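Summary of structural features
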Amino acid sequence: MNPKRCAACRYLRRRCPKDCVFSPYFPPNNPEKFACVHRIYGAGNVSKMLQQLPVQTRAEVVESLCFEATCRIEDPVYGCVGIISLLQTQIQKTENLLARTQAEIAVAQTKHSQNQHSEFM
Amino acid sequence: MRGPGSSPCASCKLLRRRCAKECIFAPYFPPDDPHKFAIVHKVFGASNVSKMLQELPVHQRADAVNSLVFEANARVRDPVYGCVGAISYLQNQVTQLQMQLAVAQTEILCIQMQHEPTLQSHHEVFELDQDDKAHLLHSNNNSINNCNNNYNLAYAMSSGQLNSNFASPSSIIQMQMQDPLKQESLWT
């Protein structure tokens, strides 16, 4: 067997051809990366996705697939949708706090101008 | 077929197979919404979805299916970044809002600082001589200027004039892959 097989071909126990679609993105020194992606998406689906995209975008695709697969393994129910949900909650809370602070500013400015007005009377 | 007169679920229809009574997909992929299973099958594959559902308790499977459908839709809409694109966008929104909040909180501090010296000097003005009054006014102006400088700095950051560390999809992925514990920083 060719010792320089990529992590995907090693995992799938097959020969790693010269034009292997996986080999630029799944080096042999990181077998967990492909194992993770394969577990969630399957080798066939990943291969299809990569082949449908231009070469210059494939590295980003693989990284985003790894990220989502890792999230799904850590949280089998919500995956990375859990992160999205938490961010949306944080946005709402920060917006509310910002609105409250801006209302306080308006009140403080009104008070200040009223005080100034009464000093000159 | 599942029973006399009942149609196969959307998954068994797409996979062209008999829809068994205990079909794992049937509760979550009704026949009137074929697109739902089609998109999940396209991204994840039927056997992977089946395995994922089998590993979960029954009461969590509906949520799991909904989140898989969400992710699959995101991936079809954005084949390069999928959900990571949405996370990046939301993280940037959080950063923007936090900067605006910092600006607002600085402004309210400035207003409070402006109030207190005014109240103090109003009581002391009858006891001070001209030199003392001049000194007091000068030091008030300095503190207000410093406050305004901080305000301008915070405002500049929020309007993007300064180099702030916005999250790109790549940086989110790198952050996550280097230290899974840092996932918390996305929402703390």
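Residues numbered from 1 in each chain as written. Chains lettered and ligands numbered in written order. Predicted model: local features only at pLDDT ≥ 70, side-chain atom pairs only at ≥ 80, totals over all residues. Heavy atoms only, no water.

Chain B appears in an unreviewed UniProt entry as LOB domain-containing protein from Brassica carinata. Listed under Sequence similarities (unreviewed entry) in UniProt, the entry text for chain B is "Belongs to the LOB domain-containing protein family." (UniProt positions renumbered as here; feature names shortened; annotations may be inferred.)

Under an unreviewed UniProt entry, the name given to chain A is LOB domain-containing protein, and the organism recorded is Brassica carinata. On record in UniProt, under Sequence similarities (unreviewed entry), the comment for chain A is "Belongs to the LOB domain-containing protein family."

**Concerning the pattern of salt bridges**
All names here are of chain A. By the definition in use, this model includes 3 salt bridges over all chains. Between Glu63 and Lys33 there is a salt bridge, with its nearest N and O atoms 2.8 Å apart. Taken together, the residues span a long stretch of sequence, with Glu63 in helix 4 (residues 55–74) and Lys33 in helix 2 (residues 31–40) at a distance of 30 residues. (Salt bridge = Lys/Arg side-chain N within 4 Å of Asp/Glu carboxyl O. Helix = DSSP H or I, 4+ residues; strand = E, 2+ residues; numbered from the N terminus.)

**Remarks on the interface of chain A and chain B**
If you look at the interface, chain A gives 44 residues, while chain B gives 50 residues. In this assembly, chain A packs against chain B so that about 4,300 Å² is buried in total across both faces, 68% of it on carbon and sulfur atoms. Taken together, the links from chain A to chain B amount to 2 salt bridges. The residue Glu68 of chain A makes a salt bridge to Arg75 of chain B at a minimum N-O spacing of 3.1 Å. Linking chain A with chain B are 14 residue pairs in polar contact (both at pLDDT 80 or more). Only helix 2, helix 3 (43–51), helix 4 and helix 5 (81–120) of chain A provide two or more residues apiece to the side of chain A that touches chain B. (Contact = heavy atoms within 4.5 Å. Buried area = accessible area lost by both parts, 1.4 Å probe. Polar contact = N/O pair within 3.5 Å; in protein donor to acceptor, adjacent residues only side chain to side chain.)

**Focus on helix 3 (residues 46–54) of chain B**
Those residues of helix 3 of chain B that fall on the buried side of the exposure criterion are Ala46, Asn48, Val49, Ser50, Met52 and Leu53 of chain B. For helix 3 of chain B, the elements touching its buried residues are helix 2, helix 3 and helix 4 of chain A together with helix 1 (10–15), helix 2 (34–43) and helix 4 (58–77) of chain B. (Buried < 20%, exposed > 50% of the residue type's maximum accessible area, 1.4 Å probe, protein only.)

**Some remarks on the packing of helix 3 of chain B against helix 4 of chain B**
Any two packed helices are characterised by the angle at which their axes cross and by the distance between the axes. Residues and elements named next belong to chain B. Axis separation between helix 3 and helix 4 bottoms out at 10 Å; the angle between their running directions is 145 degrees. Note that helix 3 runs across helix 4; the crossing there is right-handed. Contacts between helix 3 and helix 4 involve Val49, Met52, Leu53 and Gln54 from the former and Arg61, Ala64, Val65 and Leu68 from the latter. The residue makeup of the contact of helix 3 with helix 4, split by class, is 6 nonpolar, 1 polar and 1 charged. (Axes fitted to C-alpha atoms, helices over the stretch in contact; angles between N-to-C directions. Left-handed = near helix turned anticlockwise from the far one by under 90°. Nonpolar A, V, L, I, M, F, W, Y, C, P; charged D, E, K, R; others polar.)

**Regarding the environment of Ser67 of chain B**
For Ser67 of chain B, the position within the fold is in helix 4. Look at Ser67 of chain B and you get buried, because its relative accessible area is 2%.

**Considerations on the side chain of Lys36 of chain B**
All names here are of chain B. Structurally, the position occupied by Lys36 is in helix 2. Lacking a salt bridge, the buried Lys36 has Asp33 as its closest oppositely charged neighbour, with an N-O distance of 5.5 Å. Here the side chain of Lys36 touches Tyr28 through a polar contact of 3.0 Å, landing on its backbone oxygen. When residues no more than four places from it in sequence are discounted, the contact partners of Lys36 are Tyr28, Phe29, Val65, Asn66 and Val69. (Lys, Arg positive; Asp, Glu negative; His and termini not counted.)

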